[in-house]
Amino acid sequence: MSPSTSWKLWRSAITTLKTISRAAPVRCLSFPTDVGCDAETIFALSSGHGRCGVALVRVSGPASSMVLRNMAGLTQILPIPRTALLRRITDPHSKELLDRGLVLWFPGPHSFTGEDSAEFHIHGGPAVITAVLQALGSLKGVRPAEPGEFTRRAFHAGKLGLTEVEGLGDLIHAETEAQRRQALRQMDGELGRLYQDWSSRLKRCLAHVEAFIDFSEDELIEDGVLNLVESSMLQLQTEIERHLRDERRGERLRSGVQVVIAGATNAGKSSLLNTLCQRPAAIVSPMAGTTRDVVETSLDIGGFPVILSDTAGLRDAQDSVEREGIRRARERVEQADLTLVVVDSNQLPPDPRNAPAFLQEHLSTVLPRPSLEHPEAGTEAASDRILLVLNKSDLVAGGKQERIERELAGCPAVPPACFLSCNTFTGLGAFLAVLQSRVNTLCGDPLSGAPTLTQARHRAHLQHSVQALSQYHQYRTQDLALAAEGIRLALTHIGRITGRVGAEEILDIIFRDFCIGK
Ligand SMILES: Nc1nc2c(ncn2[C@@H]2O[C@H](COP(=O)(O)OP(=O)(O)OP(=O)(O)O)[C@@H](O)[C@H]2O)c(=O)[nH]1
Ligand SMILES: [K+]
Ligand SMILES: [Mg+2]
């Protein structure tokens, strides 16, 4: 492949992610607020901050119709629901014209929040937005919304379950195609329905067990009931355990695949990082030991989010700062989903037949040794998470490269290897294809099969509910009341995922990351 073809492939396959600001959203502190009752009406700029063509201001709560009457001159009749109407938007007190824009009326309960709501589509200049927000804030009983407050109201109105709320949060933060698909699927309620189904089946089991406890002595209940509960519980347990055995694919897709570049000094690790992110993010120099700190960058590889880290070159360092860099590098490798082990191919043995043994030996110096904590390190499972990058291929004669490739193909103990030159970009297209397929496997297809687990929070509750279910099996023959307690506990844990139990505290955590206006 010519360097120019590689270059094009590279540009199309990878996008450096724009860092979407997740800093605390700007709060409208200067507005008079009228806080106190439940029936407050809230407003916020729901489109992004900064200059834009059209800005969207949302209003929700009982005073929404009053807002439209006062600011859109709709004193006689309200607009047809959900139909845009071009109006003069004026200050409610001075009647000064603020802008000309579209207004929409969403009478409750057929609105996002379930309450009466209104929208103003105005020109996106900062002065227009400020004037409209200030006018809204000057109305009695109307105040600026807190982050995520519209969604919180939708949740309380039963419009969204907790997993759907989390899906919505993920959708707002989604930076890649695959993340968007996964979030949308969750927001559509598929995951919520799965958990809801488990919850209803558990409730049915519990009802049967309780009925048995209460009425079996009067012989009002058939003996077979407990057998039915037993098989139903075993089936459920199998389903939950299968859902948990997903190798964290959904969570990884949500938070980004951790890809770490590691290897000896001067192998070209920083050059690889710069090649992949298409900018000089890390310092490259012929001096061994250039990189000390971990240099991290976010990439979109074929629609999947990747957090790529360059690390210090591994060697016996004397310098204490470099030693700390190496410690950090090893730590990153241990936590990585995928490690790109970069090797200077100029240092491969002269005889291609010795390349597999050389690389195996080399890998053992880079990768963590198996330990009690990481029993899988160095095993086949671990080699699934390694990709060898034989860099500086421009310094290796073409014939030799092919002979080494043949030797490696015949040696399954060596992880997949790609020849590459960060100077000429030769081999980049093939390397990217391998990298993309690895990342794809690590995240899975968010649209196929059953919906995936996306949050550590869900995982913890499901693990607890599986434990609680085993309490049922443990006590079922000795103490049925205690066994029933196990089902009740499992139900509580699933209820916490869907928000039926203890939602408030979880909502606070979820909405911390939400924007104002959503
Ligand atoms: N010929 C050739 N030189 C390369 C290639 N990639 C990197 N280099 C050179 O190799 C030297 C080391 O590159 P770096 O990217 O700094 O290597 P590193 O592994 O990050 O080094 P440390 O951070 O010191 O561990 C630099 O002089 C690069 O220009 C390549 O594909 N071909
Ligand atoms: K270097
Ligand atoms: Mg470096």
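What you see is a predicted model, and the numbers here were worked out from it, not measured in a lab. (Residues numbered from 1 in each chain as written. Chains lettered and ligands numbered in written order. Predicted model: local features only at pLDDT ≥ 70, side-chain atom pairs only at ≥ 80, totals over all residues.)

### Regarding the site of ligand 1
Quick note on the threshold: Near residues are defined by distance alone, with the backbone-placed C-beta atom required to lie within 6 Å of the molecule or strand. In this description a helix means any DSSP run of H or I spanning at least four residues, a strand means any run of E spanning at least two, and both kinds are numbered starting from the N terminus. Under the scheme applied, nonpolar residues are Ala, Val, Leu, Ile, Met, Phe, Trp, Tyr, Cys and Pro; charged residues are Asp, Glu, Lys and Arg; polar residues are all the others, including Gly.
The environment of ligand 1 is formed by 22 residues, the closest being Gly-268, Ser-270, Ser-271, Thr-291 and Gly-313. Ranked by the residues each element gives to the shell around ligand 1, the list is headed by helix H10 (residues 269-277), at three residues. Each residue belonging to the shell around ligand 1 can be placed in one class, and the counts come to six nonpolar, 13 polar and three charged.

### Looking at the environment of Gln-237
This is how the line gets drawn: Note on burial: count the other C-beta atoms lying within 10 Å of the residue's C-beta; 20 or more is buried, 12 or fewer is exposed, in between is partly exposed, and C-beta positions come from the backbone. We call two residues in contact whenever the C-beta atoms placed from their backbones are within 7 Å.
Here Gln-237 is to be found in helix H8 (residues 224-244). In this structure Gln-237 comes out as partly exposed when scored by C-beta crowding, with 17 C-beta atoms within 10 Å. Sequence separation between Gln-237 and Ala-207 is 30 residues, and the spatial gap between their C-alpha atoms is 18 Å. Sequence-distant contacts of Gln-237, defined by excluding residues within four places in its chain, comprise Val-466 and Leu-469.

### Quick word on the packing of helix H7 (residues 190-215) against helix H17 (residues 480-498)
Test applied: Every angle, taken between N-to-C directions, lies between 0 and 180 degrees, and every axis is a line fitted to C-alpha atoms, over only the stretch in contact when it is a helix. Angles below 35 degrees are treated as roughly parallel, those above 145 as roughly antiparallel, those between 65 and 115 as roughly perpendicular, and all remaining angles as oblique. Crossing handedness is read from the near helix: turned anticlockwise from the far helix by less than a right angle, it gives a left-handed crossing, and turned clockwise, a right-handed one.
At a minimum axis separation of 9 Å, H7 and H17 run at an interaxial angle of 160°. The angle between H7 and H17 places the two elements in the roughly antiparallel class. Every pair of crossing elements has a handedness; the one defined by H7 and H17 is left-handed. Its residues assigned to classes, the contact of H7 with H17 shows 16 nonpolar, five polar and three charged.

### With respect to the domain arrangement of the protein
Put simply, the rule is: Where each domain starts and ends follows an automatic or database-derived domain assignment.
Assigned domains within the protein: domain 1 (41-146), domain 2 (192-246 + 453-496) and domain 3 (251-443). Centre-to-centre separation of domain 2 and domain 3, based on C-alpha positions: 46 Å.

### Examining H10
A large share of H10 lies buried, amounting to nine of its nine residues. Of the positions making up H10, those classed as buried are Lys-269, Ser-270, Ser-271, Leu-272, Leu-273, Asn-274, Thr-275, Leu-276 and Cys-277. Following H10 by one or two positions, Gln-278 adopts a phi angle in the positive range, close to 60°.

### Notes on the sheet that holds strand E6 (residues 117-124)
Worth spelling out the cut-off: Following DSSP output, two strands are said to pair if at least two bridges run between them.
Pairing is mixed in the open sheet, where six strands are placed in the order E4-E5-E6-E3-E2-E7. Each end of this open sheet is capped by a strand with a single partner; those strands are strand E4 (85-90) and strand E7 (142-144). For this sheet, the mean angle separating the axes of adjacent strands, direction not counted, is 30°. Of the pairings in the sheet, the one linking strand E2 (residues 41-45) to E7 comprises three bridges and is parallel in character. Across the sheet, the residue bridging to Ile-42 is Arg-143, located in E7. Packing of helix H2 (residues 64-71) onto the sheet brings it into contact with E2, strand E3 (52-60), E4, strand E5 (97-106), E6 and E7, and relative to E6 it is tilted by some 40°.

### Some words on the pairing of strand E8 (residues 257-263)
Within E8, six of the seven residues are buried, which leaves the element mostly enclosed by the surrounding structure. Pairing analysis gives five bridges linking E8 to strand E11 (residues 338-344), with the strands arranged parallel. Looking across to E11, one finds that Ala-262 is bridged to Val-341.

### So, unusual backbone geometry
Across the junction of Gly-108 and Pro-109, the peptide omega takes the value 0°, indicating a cis bond. Residue placement: Pro-109 occurs in the loop between E5 and E6. In this structure, Phe-425 is a non-glycine residue whose phi angle is positive, near 70°. With respect to the helices and strands, Phe-425 occurs in the loop between strand E13 (417-419) and helix H15 (428-443). C-beta crowding within 10 Å serves as the criterion here: with 21 such atoms nearby, Phe-425 is assigned to the buried category.

### Topic: helix H16 (residues 456-475)
Under the convention used in this document: To estimate the expected span of a helix, count its residues, drop one, and scale the result by 1.5 Å.
Given a rise of 1.5 Å per residue, 20 residues ought to cover 28 Å, and the 29 Å separating the end C-alpha atoms of H16 matches this to within 8%. Those residues of H16 that are buried lie in contact with H8 and H17.

### Describing the confidence of the model for the protein
Should the pLDDT be low somewhere, the predicted coordinates at that spot are not to be read in detail. Note the threshold: For every residue, the predictor assigns a confidence score, pLDDT, that lies between 0 and 100.
In this model, the protein carries an average pLDDT of 87, and 86% of its residues clear a pLDDT of 70 or more. A low-confidence stretch, residues 1-12 stays under pLDDT 50, and its non-local contacts, those more than four residues away or across chains, total 16 contacts. Overall, residues 16-37 carries pLDDT values under 50, and its contacts beyond four positions in sequence, including any with other chains, amount to 29 contacts. Taken over the whole predicted complex, pTM reads 0.79, whereas the ipTM for its chain interfaces reads 0.99.

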